[in-house]
Amino acid sequence: MIKRTNPPLPAASGAEDLIRDRNLLRTILETIPDHIYFKDIDSRTVRCSLAHAKFFGVEDPKDMVGKKDFDFFSEEHARQAFEDEQRIIRTGEPLIGIEEKETWPDGRVTWVSTTKMPLRDEKGEIVGTFGISRDITRQKESDLEAKNLTAALKRSNQELEEFASVASHDLQEPLRMISGYLKLIVQRYQDRLDQDGQEFIAFAVDGAQRMQAMINDLLSYSRVTTQGKTFSLIETEAMLQRALLNLKVAVDEAGARVTHEAMPAAMGDERQIERLFQNLIGNGLKYRRPGDVPEIHVSAQKKDSEWVFGIRDNGIGIDPKYFDRIFGIFQRLHTREQYAGTGIGLAVCKKTVERHGGRIWVESEEGKGATFYFTLPVAPDLPKKTTP
Ligand code: ADP
């Protein structure tokens, strides 16, 4: 028995109603930009909208009567559509909101979002199908473009990472050789070099040392992802304490006051979060105003599904125009003579936070201290212990 899923076409109650119904139907078929079609039991078009006819390059919808999908589409697509319609006729089950890929004999591809229903006569018997399709080719193309762009971006990020990792490894060896031989020259020939010669060698040694520092930095940057540990539930309080222990000498030397609020548990990589606190607090100590006692405050606040951590200092501050730049690799606002460093610290912080699914940013005014913020996802609720 055929299952009825939609009511039979309503019988018009009188001639006027009939005319009104026909006018309504004509209005729909002539103006709606979607493709509407009625087909018989053999999937031959009985009637269709103007937009549907035009989609096939046919000016008058009457010329579509008797036409099949095989007259327009590729054999492959026409067969698929035919099989779908025959199944609807057999089972009475409609197809609702499916995305159809249409292929054409000239190789073109178009996409439609389609609903196909069984067409019933007044007695409820299935006599064909009818359907409505909306052209979604442009939307599909831009989806595809976005997908391709994301894939390309992912590829280029991966390539960049591989490059950073390989370059830093491969550069080590020749650099070691340069440094080694420079050392030999100093040891064996220093006495024989005049003042200029000694100065040149000193420059070369300094250059080699700087390069070594940069290579190490590049390595640690690429290791954020290549050697990152899987996340676990961590007590950020303990990470902060360890970071402060590592910074003890610098804190004491600067006579700094470091305070903090209660730190939460979060999901993360212990070593990386420790290093994150260390870099940000270390910067707070380093970029202090000469003559001032550095004051650093670490805060943590829950906002929706994340923790927002803040590291506030009373140091030299940052001009807002550099807010983005400082998070780039080897980007610095000062010379080495003013403040030691290579400019990798904040880039590592950014990569670390992003690996944890968070964001990092800074708020500051020149001369008025800076606050660096980063977010971490809130730890998921753990099953509570129940007492029997
Ligand atoms: P580095 O300290 O080696 O230069 P970073 O990546 O940690 O590298 O910092 C980049 C730049 O951002 C620094 O050169 C400095 O100009 C600025 N900066 C970072 N932290 C602070 C801070 N707490 N106060 C003021 N400026 C800062």
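Above: the structure in question.
Please read all numbers here as calculations on a predicted model, not as lab measurements. (Residues numbered from 1 in each chain as written. Predicted model: local features only at pLDDT ≥ 70, side-chain atom pairs only at ≥ 80, totals over all residues. Heavy atoms only, no water.)

### Considerations on the packing of aromatic side chains
Then step 1. A full pass over the atoms with the stated rule returns 14 aromatic pairs.
Then step 2. When the ring of Phe56 is compared with that of Trp104, the centres are 5.9 Å apart and the planes differ by 50°; the resulting orientation is tilted. Residue Phe56 is located in the loop between helix H2 (50-55) and helix H3 (75-91), and its partner Trp104 is located in the loop between strand E3 (95-103) and strand E4 (109-120); the two are separated by 48 residues in the primary sequence. Comparing Phe56 with Trp104, the two get one shared label, buried.
Then step 3. Aromatic side chains Tyr287 and Tyr339 sit 4.8 Å apart centroid to centroid with 50° between the ring planes, which places their arrangement in the tilted category. Residue Tyr287 is found in the loop between helix H8 (270-286) and strand E9 (295-303), and its partner Tyr339 is found in the loop between strand E10 (306-312) and helix H9 (345-355); the two are separated by 52 residues along the sequence. (Phe/Tyr/Trp six-rings, centres within 6.5 Å; stacked < 30°, edge-to-face > 60°. Helix = DSSP H or I, 4+ residues; strand = E, 2+ residues; numbered from the N terminus. Buried < 20%, exposed > 50% of the residue type's maximum accessible area, 1.4 Å probe, protein only.)

### Considerations on the pairing of strand E5 (residues 126-135)
Then step 1. Of the strand pairs in this sheet, strand E1 (residues 35-40) and E5 are connected by six bridges, and their pairing is antiparallel. From the neighbouring strand, Phe38 faces E5, where its bridge partner is Phe130.
Then step 2. Here E4 pairs with E5 via nine bridges, running antiparallel. For Met117, the partnering residue across the bridge sits in E5 and is Phe130.
Then step 3. Between E4 and the antiparallel strand that follows it, E5, lie five residues; Gly124 among them carries a positive phi value of about 95°. (Pairing = 2+ DSSP bridges.)

### So, the site of the ligand
Then step 1. Neighbouring the ligand are 20 residues, the closest being Tyr287, Asp313, Arg332, Gly343 and Leu346.
Then step 2. Contact between the ligand and Leu333: an oxygen atom at 3.4 Å from a main-chain N or O atom of the residue.
Then step 3. His334 places a polar side-chain atom, nitrogen or oxygen, 3.0 Å from an oxygen atom of the ligand.
Then step 4. When the ligand sits alone it has 530 Å² of accessible area, and the protein chains cover 98% of it.
Then step 5. Only H8 and H9 provide two or more residues apiece to the shell around the ligand.
Then step 6. Each residue belonging to the shell around the ligand can be placed in one class, and the counts come to eight nonpolar, nine polar and three charged. (Near = heavy atom within 4 Å. Polar contact = N/O pair within 3.5 Å; in protein donor to acceptor, adjacent residues only side chain to side chain. Areas by Shrake-Rupley, 256 points an atom, 1.4 Å probe, with all protein chains shown as cover. Nonpolar A, V, L, I, M, F, W, Y, C, P; charged D, E, K, R; others polar.)

### A short note on the packing of helix H4 (residues 137-189) against helix H5 (residues 195-226)
Then step 1. Two elements in contact, H4 and H5, have axes whose closest approach is 9 Å; the angle formed by their N-to-C orientations is 155°. As summarised for this structure, H4 and H5 are arranged roughly antiparallel, according to the angle between their axes. Of the two possible hands of crossing, H4 and H5 adopt the one that is left-handed.
Then step 2. Class assignment for the residues of the contact of H4 with H5 results in 14 nonpolar, nine polar and two charged. (Axes fitted to C-alpha atoms, helices over the stretch in contact; angles between N-to-C directions. Parallel < 35°, antiparallel > 145°, perpendicular 65-115°, else oblique. Left-handed = near helix turned anticlockwise from the far one by under 90°.)

### Focus: the side chain of Thr103
Then step 1. As for its placement among the helices and strands, Thr103 is situated in strand E3.
Then step 2. At 2.5 Å, the side chain of Thr103 and the side chain of Ser74 are in polar contact.
Then step 3. With near-sequence residues (within four places) excluded, Thr103 lies in contact with Phe73, Ser74, Glu76, His77, Arg108 and Val109. (Contact = heavy atoms within 4.5 Å.)

### Comments concerning the side chain of Asp269
Then step 1. Note that Asp269 resides in the loop between strand E8 (265-268) and H8.
Then step 2. Under the relative-accessibility criterion, Asp269 is labelled buried at 4%.
Then step 3. Asp269 has contacts with Gly228, Lys229, Phe231, Ile234, Arg355 and His356, leaving out every residue within four places of it along the chain.

### Here's the deal with the sheet that holds strand E2 (residues 45-48)
Then step 1. The antiparallel open sheet is built from five strands, whose spatial order is E2-E1-E5-E4-E3. Every other strand in the sheet has two partners, leaving E2 and E3 as the edge strands with one partner each. With strand direction ignored, the average angle separating the axes of adjacent strands in the sheet is 30°.
Then step 2. In the sheet, E3 pairs with E4 via seven bridges, with the strands oriented antiparallel. When the sheet's bridge partners are listed, Lys101 is paired in E4 with Trp111.
Then step 3. Contacting E1, E3, E4 and E5, H3 crosses the sheet at an angle of about 160° to E3.
Then step 4. Relative to the sheet, H4 contacts E3, E4 and E5, its axis offset from that of E4 by approximately 135°.

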